[in-house]
Protein chains: 2
Amino acid sequence: MKITVLGVGGMGSRFALMLHQAGNDVTLVDGWQTNIDAIRQDGIQANFNGKAVSAKMPIYSPAEIEKSGVQADLIVVFLKSNQLKTMFDQVKALIHPDTYVLCLLNGIGHEDVLEQYVAKDHLILGITMWTAGMTGPGHVELVGDGEVELQNFAPAGKDFALQVVNVFDKAGLHPKYSENVKYSIWRKACVNGTLNCLCALLDCNIGQFGKTKEAPDMLHTIIAEFAAVAAKEGVKLDQTEVYNHVAATFTANIADHYPSMHQDLVQHHRLTEIDFIDGAVARKGEKYDIPTPYCKLLTQLVHAKEQLIGAK
Amino acid sequence: MKITVLGVGGMGSRFALMLHQAGNDVTLVDGWQTNIDAIRQDGIQANFNGKAVSAKMPIYSPAEIEKSGVQADLIVVFLKSNQLKTMFDQVKALIHPDTYVLCLLNGIGHEDVLEQYVAKDHLILGITMWTAGMTGPGHVELVGDGEVELQNFAPAGKDFALQVVNVFDKAGLHPKYSENVKYSIWRKACVNGTLNCLCALLDCNIGQFGKTKEAPDMLHTIIAEFAAVAAKEGVKLDQTEVYNHVAATFTANIADHYPSMHQDLVQHHRLTEIDFIDGAVARKGEKYDIPTPYCKLLTQLVHAKEQLIGAK
């Protein structure tokens, strides 16, 4: 399959590498010139479960796409949510009438942006449990196991979605075709919608947050807001199961992990993805006339903090 | 008048000093031994509008009160809200059937605690615009002008409240008898209920917070919650006037000031008074079945932060 990976950070590198190793025609697009230069010279260099692996694939900056003539059967998106629109505006030329877009990003509402660039039945949504870390330009740590769950956004896309499952399976990405990927997306969004902003605002890791007396009530309230909005979109979250799923992280081996929003906001002073997590729920809540005050205040606090520290 | 000042920090020292200079019989009670020792040896030492002033008054620790035989006509309270209960449990012996308690603390709901120690008609509530700063044990900076507004909590207390106004007037404290001090208390609580916790959580000063895009909406929402609860207690806040009153601080000469909760939480890792500000509104909201999600979440975040930093 002719695949373009959009965003070659940790996770983009993992998917690119594994799909390339399985014989697919993989092209890379990234917005960070230093990363492009490193990959162009030496390829993606990975610690792949303890083994040094490297692989060369063509890589372009967004500005080079139009001239490059590159087009894709499948575009796999691994951008920051807040870069989605800017990037797609620049790489429109990648998309021909038969191009499908697979979005595995955390959060809610990416389809609202992607629909502006690709037809609904050419959109595939999913989540992934794979992890990946970047150690420098072109260098990644790919350790551990994972899986992918995906589903076509509109019924007509099912055949191609199954082809993607087949291609991913051969690449060892452990894909699963889901009959209700929206449920999985909302369920995962509840993890990010609680831990990400709370750990970022309180400047703590998951385990530390979980030890505060306030954690259970805050979790319950935020999850209830997510569930009320999800219900309007046809997703009936099991709030008790979701609560237990989130609370399980407090004592799991990721308890000492600082969620990505903490890394973005506190550690690197970057703009966050809050508008695609709690912010999306607050926006949808307003649209559906459902009160989502916790999501709204958390979004406001994160945005205020971004401005106070001059996040970019 | 036989007056006991409970809590001899900056503001307690100001009131003690000014009341003492006007010829009242002032006794001090404080919980900080180093402060007691300093005042016992050299008196309260003040920079009083540029003039060095010192004055000796008897001072006791709470534990010494019972043996001391000290009783008061008027107890003026300048404790941290969260110390109120512990302190009054220790100094009960100060209170005889004719003792009045004047509470000028910021926040809401102190009467709920004080009613456990003194009859409603012996309770006087108020606010003050005086400022004061402590520079060390026994040493205070008393600069600038101020005023006091007070009213008896129950009708029967009016005569004594007017006597207090008279005594305060002679001491230059610029008192005003108020026909509706509850309004003033709620109005002032809106300033503290917005700026205190938000500046503490976002780690910024008043002017910096005021420059964020989110400030107006957060202020409006919090003030609306305060107003809804206040209405249940017979106080009809003018929300637009209160909003303008709070927002005026963003560009006033206190814009570069870090509110006391920022000092407590961020600078000194002390427990905050949130339970007597936003926390009180959230508690009362629950009691009256009025939604106060912003007040509740802000209270939870401040308490979580207290635990995370080991505040004491």
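Residues numbered from 1 in each chain as written. Chains lettered and ligands numbered in written order. Predicted model: local features only at pLDDT ≥ 70, side-chain atom pairs only at ≥ 80, totals over all residues. Heavy atoms only, no water.

### So, the UniProt feature "domain: Ketopantoate reductase C-terminal" (unreviewed entry) in chain A
As a reminder of what qualifies: UniProt positions are given in the numbering used here, feature names are shortened, and annotations may be inferred rather than shown by experiment. By the criteria applied, helices consist of DSSP H or I runs no shorter than four residues and strands consist of E runs no shorter than two, each listed in order from the N terminus.
Following the UniProt record, one finds the feature "domain: Ketopantoate reductase C-terminal" (unreviewed entry) at residues 180-306 of chain A. Secondary structure content for residues 180-306 of chain A is 69% helix and 0% strand, and the end C-alpha separation is 35 Å.

### A look at the UniProt feature "domain: Ketopantoate reductase N-terminal" (unreviewed entry) in chain A
The UniProt entry lists residues 3-153 of chain A under the feature "domain: Ketopantoate reductase N-terminal" (unreviewed entry), expressed in the numbering used here. Note that residues 3-153 of chain A is 25% helix and 32% strand, and that its end C-alpha atoms are spaced 19 Å apart.

### Some details on the relation of the copies chain A and chain B
What counts, and what does not: The least-squares superposition of copies is restricted to C-alpha atoms, and to residues with a pLDDT of at least 70 in both copies. It only takes one pair of heavy atoms within 4.5 Å for two residues to be counted as in contact.
When chain A is fitted to chain B, the residual RMSD is 0.1 Å, and the transformation amounts to a turn of 180° plus an axial shift of 0.1 Å. Both chain copies can therefore be described as sitting about a two-fold axis. Relative to the rotation axis, the closest C-alpha in chain A is found at Pro293 of chain A, a distance of 3.1 Å. Both copies share a contact surface, since 100% of the interface residues of chain A are interface residues in chain B too.

### Side note on the pairing of strand 1 (residues 2-6) of chain B
All names here are of chain B. Just so we agree on the cut-off: Classification of residues uses two cut-offs on accessible area relative to the type maximum, computed with a 1.4 Å probe and protein chains only: under 20% is buried, over 50% is exposed, and between them is partly exposed. Pairing between strands is defined by DSSP: at least two bridges between the two strands are required. A right-handed crossover is one whose linking path, passing over the helix from the first strand to the second, runs clockwise when the strands point away from the viewer.
Along strand 1, 4 of the 5 residues are buried, which leaves the element largely enclosed by surrounding structure. Here strand 1 pairs with strand 2 (residues 25-29) via 5 bridges, running parallel. Considered in strand 2, the bridge of Leu6 is made with Val29. Between strand 1 and its parallel partner strand 2, the chain crosses via helix 1 (residues 10-21), and the hand of that crossover is right-handed. Bridge count between strand 1 and strand 6 (residues 74-77): 4 bridges; the pairing is parallel. Residue pairing for strand 6: Leu6 is matched across the bridge by Val77.

### Considering the packing of aromatic side chains
Each pair of aromatic rings is reported with the distance of its centres and the angle of its planes. Note the threshold: Geometry of aromatic contacts follows a simple scheme: Phe, Tyr and Trp rings, the Trp one being its six-membered ring, pair when their centres are within 6.5 Å, and the pair is stacked under 30 degrees between planes, edge-to-face over 60, tilted otherwise.
In this structure the tally under the stated criterion is 12 aromatic pairs over all chains. Between Phe88 of chain A and Tyr117 of chain A the ring centres are 5.3 Å apart and the planes differ by 40°, which places this aromatic pair in the tilted class. On the criterion of sequence distance, the pair formed by Phe88 of chain A in helix 4 (residues 84-90) and Tyr117 of chain A in the loop between helix 5 (110-114) and strand 8 (123-128) is long-range, its members being 29 residues apart. Taken together, a centroid distance of 5.8 Å and an interplanar angle of 65° make the contact between Phe15 of chain B and Phe168 of chain B edge-to-face. Of this pair, Phe15 of chain B sits in helix 1 while Phe168 of chain B sits in helix 6 (residues 158-170), and the two are 153 residues apart along the sequence. By relative accessible area, Phe15 of chain B is classed as buried at 0%.

### Side note on the domain arrangement of chain A
Residues and elements named next belong to chain A. Filter applied, for reference: All domain edges in this entry derive from an automatic or database-based domain assignment. Here the quantity called buried area is the accessible surface, traced with a 1.4 Å probe, that two parts lose on coming together, added over both. Each salt bridge in this description consists of a side-chain nitrogen of Lys or Arg and a carboxyl oxygen of Asp or Glu lying within 4 Å of one another.
In terms of domain boundaries, chain A breaks down into domain 1 (2-179) and domain 2 (182-309). For domain 1 and domain 2, the distance between their C-alpha centroids amounts to 25 Å. With 18 residues of domain 1 in contact, the opposing surface of domain 2 contributes 17 residues. In total, domain 1 and domain 2 occlude about 1500 Å² of area from one another, counting both sides; carbon and sulfur atoms represent 57% of this. On the domain 1 side of the contact with domain 2, Lys80, Asn106 and Ile108 bury the most area, a combined 41% of that side's loss. One salt bridge connects Lys80 with Asp264, and the closest N-O pair in it is separated by 2.9 Å.

### Brief notes about the sheet that holds strand 12 (residues 175-177) of chain B
Residue and element names in this part refer to chain B. The condition that has to hold: Axis definition: a line fitted to C-alpha atoms, limited for helices to the stretch in contact. Angles are taken between N-to-C directions and run from 0 to 180 degrees.
Reading across the sheet, the 8 strands line up as 5-2-1-6-7-8-11-12 and stay open at both edges, with mixed pairing between neighbours. In this open sheet, the two edge strands, each paired with only one partner strand, are strand 5 (59-60) and strand 12. With 3 bridges joining them, strand 7 (residues 100-103) and strand 8 (residues 123-128) adopt parallel strand pairing. The residue bridging Leu102 from the neighbouring strand is Ile124, located in strand 8. This element, helix 1, spans strand 1, strand 2, strand 8 and strand 11 (148-152) of the sheet and lies at about 160° to strand 2. Its contacts with the sheet place helix 7 (residues 181-202) against strand 8 and strand 11, and it is angled at close to 45° to strand 8.

### Digging into the state of the cysteines
Two cysteines form a disulfide when their sulfur atoms are joined by a covalent bond. What counts here: Pairs of cysteine sulfur atoms within 2.5 Å are what we label disulfides.
As enumerated under the stated definition, the model contains 0 disulfides over all chains in all. Sulfur of Cys204 of chain A: no disulfide; nearest cysteine sulfur belongs to Cys199 of chain A and is 4.2 Å away. No disulfide involves Cys103 of chain B; its sulfur sits 17 Å from the nearest other cysteine sulfur, which is in Cys190 of chain B. Residue class for Cys103 of chain B comes out buried when judged on its relative accessible area of 3%.

### Some remarks on the pattern of salt bridges
Pairs can form between side chains of opposite charge once their charged atoms are near each other. Applying the stated criterion across every chain, the model contains 18 salt bridges over all chains. Residues Asp217 of chain A and Lys296 of chain B are paired through a salt bridge, measuring 3.3 Å at the closest nitrogen-oxygen approach. Highlighted residues: Asp217 of chain A in helix 9 (residues 215-232) and Lys296 of chain B in helix 13 (residues 293-308), drawn from two different chains. The exposure class assigned to Asp217 of chain A is partly exposed, which follows from its relative accessible area of 32%. By relative accessible area, which is 27% here, Lys296 of chain B ends up partly exposed. When salt bridges with common partners are traced through the structure, they connect Lys80, Asp264 and Arg270 of chain A into a single cluster.

### Thoughts on the sheet that holds strand 3 (residues 44-48) of chain B
Residue and element names in this part refer to chain B. Pairing is mixed across the open sheet formed by 4 strands, whose spatial order is 4-3-10-9. Of all strands in the sheet, those with a lone pairing partner are strand 4 (51-55) and strand 9 (133-136), marking the two edges. Taken over all neighbouring pairs, the strand axes of this sheet differ in orientation by 30° on average, direction set aside. By the bridge criterion, 5 bridges tie strand 3 to strand 4 in an arrangement that is antiparallel.

### Quick notes on the interface of chain A and chain B
Note the following rule: Counted as a polar contact is a pair of N or O atoms within 3.5 Å, where, for protein atoms, one must be capable of donating a hydrogen and the other of accepting one, and residues adjacent in sequence contribute only when both atoms are in side chains. Only Asp, Glu, Lys and Arg are considered charged, only Ala, Val, Leu, Ile, Met, Phe, Trp, Tyr, Cys and Pro nonpolar, and every remaining residue, Gly among them, polar.
In this complex, chain A contributes 25 residues to the contact, which on the side of chain B involves 25 residues. Interface area for chain A against chain B, summed over the two sides, is near 2200 Å², with a carbon-plus-sulfur share of 68%. Together, Leu202, Leu297 and Leu308 of chain A form the three largest contributors to the area buried by chain A at its contact with chain B, with a combined 25%. Taken together, the connections running from chain A to chain B amount to 2 salt bridges. Counting every contact that joins chain A to chain B gives 12 residue pairs in polar contact (both at pLDDT 80 or more). Elements supplying a minimum of two residues to the side of chain A that touches chain B: helix 7 (181-202), helix 8 (206-210), helix 9 and helix 13 (293-308) of chain A. Among the residues making up the side of chain A that touches chain B, the classes are represented as 13 nonpolar, 5 polar and 7 charged.

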